[in-house]
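# Inside the fold
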Amino acid sequence: MVRKFLVEHGLLVEEKTGEAPVNVYVSPDEAERRYLIDVEKLDEHTLLSSLDPDELSRLEFEPEHVAMILKRPCNQTITGGANAHLEFKVASVGLFLFNERLIVVQSQDMPIYPGSRPVNRDFSLREVLLRILYRTISHFLEHLRAINMMVDAIEMEINQSSENRHLISLFALEKSLVYYVNAINSNDALLQKMRNNGAKVGFSQDELDVLDDIIIENNQCGKQAEIYTNILAGMMDARASIVSNNLNVLMKTLTMITICLQVPTMVVSIFSMNVDLPISPNNNWAFWFVMSLSVLSLLGFMALWRWRKW
């Protein structure tokens, strides 16, 4: 599927009929791939890399265009069946900058940079490219904040739960953070190479200044992702210990309930044996005497439990 956009005051406006300078291909089929390779002269390997989630970010210079592979976060997915949990993954996006057009190839239909404010001047394709880069960093930061909030919520559940599904959710989030750290670091290599080859890309001095700001934002995003990853990894053993301790407390409670039931049961069982006992069967107070002994034995056991602080 291909979508075409016009650049109006820094915003992308979809064009339904004619040609447009920004073309976005979402999971291109075989015919669209052949068009991009044969007509637009895109390198086939680079085109396929745009759809490969495991591809690293990179910058390549072709005779007629500049090719970039960028990492960006995917929409979160739910996996695990009965023990369902959220996973955050990354995808690759191909950016192919020509003199008069920008081609974007991605595997998911995601907005390029929604919510941007209009500007009262002409907007070049290189500035559109810079906005895509900046929006990618913002998208990573939004997901990092969401992951941090989810970790806090799961921690509160772990304090009261003895189930493993909360730990499984934390493991999934820790795995997602590792993906994000690798993706952000890979994007940093791309941004640095773009900065070093700014003249070849065609950036003006103002655009290079914006690129410098983007590099700083990406570095801060990477540091934040690393901090979240280290905190989550460092506390996993403690959280596993909490779950194990909660299970021990539960087993202790169940053991106490079982013993409390067994003590009066033992008293009643003794008086139900078919042997001579001190209390006559014809005694009207025999039943209440036996029940009183059961209650007293239960209270005595509970007092012993409290005194020994079991």
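Look above for the structure.
Reference entry: report on the structure contained in this document.

About the thresholds
- Residues numbered from 1 in each chain as written.
- Predicted model: local features only at pLDDT ≥ 70, side-chain atom pairs only at ≥ 80, totals over all residues.
- Heavy atoms only, no water.
- Core = buried A, V, L, I, M, F, W, Y, C linked by side-chain atoms within 4.5 Å.
- Buried < 20%, exposed > 50% of the residue type's maximum accessible area, 1.4 Å probe, protein only.
- Helix = DSSP H or I, 4+ residues; strand = E, 2+ residues; numbered from the N terminus.
- Contact = heavy atoms within 4.5 Å.
- Patch = residues over 30% accessible without salt bridge, like charges linked within 9 Å, V, L, I, M, F, W, Y side chains within 5 Å.
- Areas by Shrake-Rupley, 256 points an atom, 1.4 Å probe, with all protein chains shown as cover.
- Salt bridge = Lys/Arg side-chain N within 4 Å of Asp/Glu carboxyl O.
- Pairing = 2+ DSSP bridges.
- Axes fitted to C-alpha atoms, helices over the stretch in contact; angles between N-to-C directions.
- Phe/Tyr/Trp six-rings, centres within 6.5 Å; stacked < 30°, edge-to-face > 60°.
- Lys NZ or Arg CZ within 6 Å of the ring centre and 35° of its normal.
- Parallel < 35°, antiparallel > 145°, perpendicular 65-115°, else oblique.
- Left-handed = near helix turned anticlockwise from the far one by under 90°.
- Nonpolar A, V, L, I, M, F, W, Y, C, P; charged D, E, K, R; others polar.

### Description of the nonpolar core
Residues Met-68, Ile-132 and Met-194 are the most contacted members of the largest nonpolar core, which totals 53 residues. If you list the elements that add at least two residues to this core, you get strand E3 (22-26), strand E5 (66-73), strand E8 (90-97), strand E9 (102-106), helix H3 (125-158), helix H4 (165-196) and helix H6 (205-271). Tallying contributions element by element places H3 first for this core, with 14 residues. Excluding anything up to four places from it in sequence, Ile-132 contacts Leu-70, Leu-95, Leu-102, Val-104, Ile-112 and Tyr-113.

### Things to note about a nonpolar patch on the surface
A cluster of nonpolar side chains, contributed by Leu-247, Leu-250, Met-251, Leu-254, Ile-257 and Leu-261, occupies part of the molecular surface with about 540 Å² of accessible area. Inspection of the secondary structure assignment puts Ile-257 in helix H6.

### Looking at the sheet that holds E3
In spatial order, the strands read E2-E1-E3-E9-E8-E5-E4; together these seven strands make up an open sheet with mixed pairing. The outermost strands of the open sheet, each flanked by one partner alone, are strand E2 (11-15) and strand E4 (58-61). On average, each strand axis in the sheet is inclined to that of its neighbour by 25°, with strand direction left out of account. Bridge count between E8 and E9: five bridges; the pairing is antiparallel. In the sheet register, Gly-94 faces E9, and the bridge partner there is Val-105. On the sheet, helix H1 (residues 30-38) packs against strand E1 (2-8), E3 and E9 and is oriented at approximately 140° with respect to E3. Of the strands in this sheet, E1, E2, E3, E5, E8 and E9 touch H3, which is tilted by about 20° from E5.

### Structural notes on the pairing of E1
In the sheet, E1 pairs with E3 via four bridges, with the strands oriented antiparallel. The residue bridging Val-2 from the neighbouring strand is Tyr-25, located in E3.

### Quick look at the pattern of salt bridges
Per the counting criterion, the structure on display carries eleven salt bridges. In this structure, the salt-bridge partner of Lys-16 is Glu-14, at a minimum N-O distance of 3.3 Å. Given the relative accessible area of 29%, Glu-14 is considered partly exposed. Across the pair Arg-126 and Glu-207 runs a salt bridge, and its minimum N-O distance is 3.4 Å. Taken together, the residues Arg-126 in helix H3 and Glu-207 in helix H6 connect sequence positions 81 residues apart. A relative accessible area of 28% means that Arg-126 is categorised as partly exposed. Linked by salt bridges that have partners in common, Arg-3, Glu-14, Lys-16 and Asp-109 make up one network.

### Re unusual backbone geometry
Phi is positive for Ser-27, close to 45°, though the residue is something other than glycine. With respect to the element layout, Ser-27 can be found in the loop between E3 and H1. The phi angle at Lys-41 is positive, at roughly 65°, despite the residue not being glycine. For Lys-41, the location among the structural elements is in the loop between H1 and helix H2 (44-49).

### Topic: the pairing of E8
By the criterion of burial, E8 is predominantly enclosed, with eight of the eight residues buried. Side chains of E8 alternate between two faces, with Val-90, Ser-92, Gly-94 and Phe-96 and Ala-91, Val-93, Leu-95 and Leu-97 buried alike. In this sheet, E8 lies alongside E5 in antiparallel orientation, the contact comprising eight bridges. Bridge pairing in E8 links Val-66 to Leu-97. Between E8 and the antiparallel strand that follows it, E9, lie four residues.

### Overview of the packing of aromatic side chains
The full count for this structure, using the stated rule, is two aromatic pairs. Aromatic side chains Phe-140 and Tyr-180 sit 5.2 Å apart centroid to centroid with 85° between the ring planes, which places their arrangement in the edge-to-face category. Placement of Phe-140 in helix H3 and of Tyr-180 in helix H4 is noted, with a sequence separation of 40 residues between them. One aromatic cluster is present, formed by Phe-88, Phe-140 and Tyr-180 through successive ring pairs. Sitting above the plane of the Phe-98 ring, Arg-101 keeps its charged end 4.2 Å from the centroid. Between Lys-200 and the ring centre of Phe-61, over which it is positioned, the NZ or CZ distance is 4.1 Å.

### Looking at the packing of H3 against H4
Relative to each other, H3 and H4 sit at 160°, their axes nearing to 11 Å. With respect to each other, H3 and H4 are oriented roughly antiparallel. As H3 runs across H4, the sense of the crossing is left-handed. Between H3 and H4, the contacting residues are Leu-129, Leu-133, Thr-136, Phe-140, His-143, Leu-144, Ile-147, Met-150, Val-151, Ile-154, Glu-157 and Ile-158 on the first element and His-166, Leu-167, Ser-169, Leu-170, Leu-173, Leu-177, Tyr-180, Ala-183, Ile-184, Asn-187, Leu-191 and Met-194 on the second. Grouping the amino acids of the contact of H3 with H4 by side-chain chemistry returns 18 nonpolar, five polar and one charged.

Read these as layout, nothing more, since geometry by itself doesn't imply function.
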